[in-house]
Amino acid sequence: MTPYAGLAMADIIDLRFPFSGVVSQVKKKLGESVKKGEVITSLTRTTLQSELDRQLAEYEKVRADFEIFALQNPSPGDDITKYQKTARQAQLNAAVKDVEIAKAKLDLVDLVSPTDSVILSLGGILPGVYVTPSANPVTLLQSNTLRFQIEVGSPDAPLFSSERKATITIGSQAKKISAVSKPAILTLLSKAPYFTYLVDVIPDDFLDILPGMEAQIDFPDI
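A.B. asks: Provide a residue-level description of the overall build of the protein, including the pertinent values.
C.D. replies: Summing up its helical and strand segments, the protein has two helices and 15 strands in all. Relative to the 2.2 N^0.38 estimate, which gives 17 Å for 222 residues, the radius of gyration of the protein is 28 Å and therefore markedly larger than a compact globule would have. For the C-alpha atoms alone, the extent of the protein along its principal axes is close to 90 × 45 × 30 Å. Counting over 222 residues, the protein shows a buried share of 31%.

A.B. asks: With reference to specific residues and values, describe the packing of aromatic side chains.
C.D. replies: Applying the stated rule across the entire model yields three aromatic pairs. Ring geometry for Y4 and F160: centres 5.6 Å apart, planes at 85 degrees, overall edge-to-face. Residue Y4 is found in strand β1 (residues 4-9), and its partner F160 is found in the loop between β10 (147-153) and β11 (164-170); the two are separated by 156 residues along the sequence. Given a relative accessible area of 11%, Y4 falls into the buried group. With centroids separated by 4.9 Å and ring planes inclined at 75 degrees, the aromatic side chains of F160 and F219 adopt a geometry described as edge-to-face. One end of the pair, F160, is in the loop between β10 and β11; the other, F219, is in the segment after β15 (214-218), and 59 residues separate them in sequence. With respect to class, F160 is no different from F219; both count as buried. An aromatic cluster of three or more residues is present, and its members are Y4, F160 and F219. The lysine or arginine in question, K105, covers the ring of F19, its NZ or CZ lying 5.2 Å from the ring centre.

A.B. asks: Can you tell me about the pairing of β11, naming the residues and giving the values?
C.D. replies: Counting buried positions along β11 yields five of seven residues, so the element is predominantly enclosed. As paired strands, β11 and strand β12 (residues 175-181) are joined by seven bridges and run antiparallel to one another. Within the sheet, the bridge partner assigned to A166 lies in β12 and is A179.

A.B. asks: Describe helix α1 (residues 46-72), with residues and values.
C.D. replies: The end-to-end C-alpha distance of α1, which contains 27 residues, comes to 39 Å, matching closely the 39 Å that a straight helix rising 1.5 Å per residue would cover. Turning to α1, its buried residues are L48, L52, Q55, V62, F66 and F69. In this fold, the buried residues of α1 make contact with α2 (79-107).

A.B. asks: How would you sum up the sheet that holds strand β7 (residues 117-121)? Please name residues and give values.
C.D. replies: Strand pairing in a sheet relies on backbone hydrogen bonds, with the paired strands running either antiparallel or parallel. Spatially, the four strands line up as an open sheet ordered β2-β9-β7-β4, and their pairing is antiparallel. The open sheet is flanked by β2 (12-15) and β4 (33-34), the only strands paired with a single partner. Where β7 meets strand β9 (residues 138-142), four bridges bridge the pair, whose relative direction is antiparallel. From the neighbouring strand, S117 faces β9, where its bridge partner is Q142.

A.B. asks: Quick rundown of the sheet that holds strand β8 (residues 130-131)? Include the residues and the values.
C.D. replies: An order of β6-β5-β3-β8 is seen for the four strands of this open sheet, with the pairing classed as antiparallel. With one partner strand each, in any of the chains shown, β6 (110-112) and β8 form the two edges of the open sheet. Here strand β3 (residues 21-26) pairs with β8 via two bridges, running antiparallel. What sits directly across from G21, in β8, is V131.

A.B. asks: How would you explain the pattern of salt bridges if you had to name every residue and give the values?
C.D. replies: Inspection of every chain in the model, using the stated rule, returns 12 salt bridges. R54 is paired through a salt bridge with E51; the nearest N and O atoms lie 3.1 Å apart. Taken together, the positions of R54 and E51, both in helix α1 and three residues apart, correspond to about one turn of that helix. For K61, the salt bridge is made with D65, and the minimal N-O distance between the two is 3.4 Å. Taken together, the positions of K61 and D65, both in helix α1 and four residues apart, correspond to about one turn of that helix. Each of D11, R147 and D200 takes part in salt bridges that share partners, so that together they form one network.

Criteria and thresholds
Residues numbered from 1 in each chain as written. Predicted model: local features only at pLDDT ≥ 70, side-chain atom pairs only at ≥ 80, totals over all residues. Heavy atoms only, no water. Helix = DSSP H or I, 4+ residues; strand = E, 2+ residues; numbered from the N terminus. Rg over C-alpha atoms; globule rule 2.2 N^0.38 Å. Buried < 20%, exposed > 50% of the residue type's maximum accessible area, 1.4 Å probe, protein only. Phe/Tyr/Trp six-rings, centres within 6.5 Å; stacked < 30°, edge-to-face > 60°. Lys NZ or Arg CZ within 6 Å of the ring centre and 35° of its normal. Pairing = 2+ DSSP bridges. Expected span 1.5 Å × (residues − 1). Contact = heavy atoms within 4.5 Å. Salt bridge = Lys/Arg side-chain N within 4 Å of Asp/Glu carboxyl O.

Take a look at the structure:
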């Protein structure tokens, strides 16, 4: 069978800050690789740190009031005293939640890569720039989604209903790489009665493979 023409590609994602703020630092550069969990850029922490400190102080005050009341009323007997203790307990619980929320929001000032990736765009982010959630996305290419993709028509689709072994031949140097194809997926580009299917072919070795590379893909058992 004639080899299929394949194109190397990978999934692309946009990262955005969940709230507005001023950029304090940019740790990574355009085209640089980042590991899962690495910080790419950060917003200033001053205001959010102050809010966390305020919530911690409020928590300490509410907790102290609760402890004083508990010492003064070790065994509440009447309904009013019981309700007062319940109210103070609710205030203490709310204070704990307020601290947790403030801490969680402070943690979100760092824009962290969710996966091993390559930075395609920093969205114009620079230290001192004011950003909003609706703008300035950081665009990443997910390294672990790299694959070659081929298109097959309806007649060939049954041949790719399950995984198949393949050989990928790349470029003028005819570098050959073993691979495995995934089951075909009907594409949105299809228009009945002429259907087109996409088949992802995963190479055993990703060394020197970059998105946009073209290759010839053979399936020995077809």
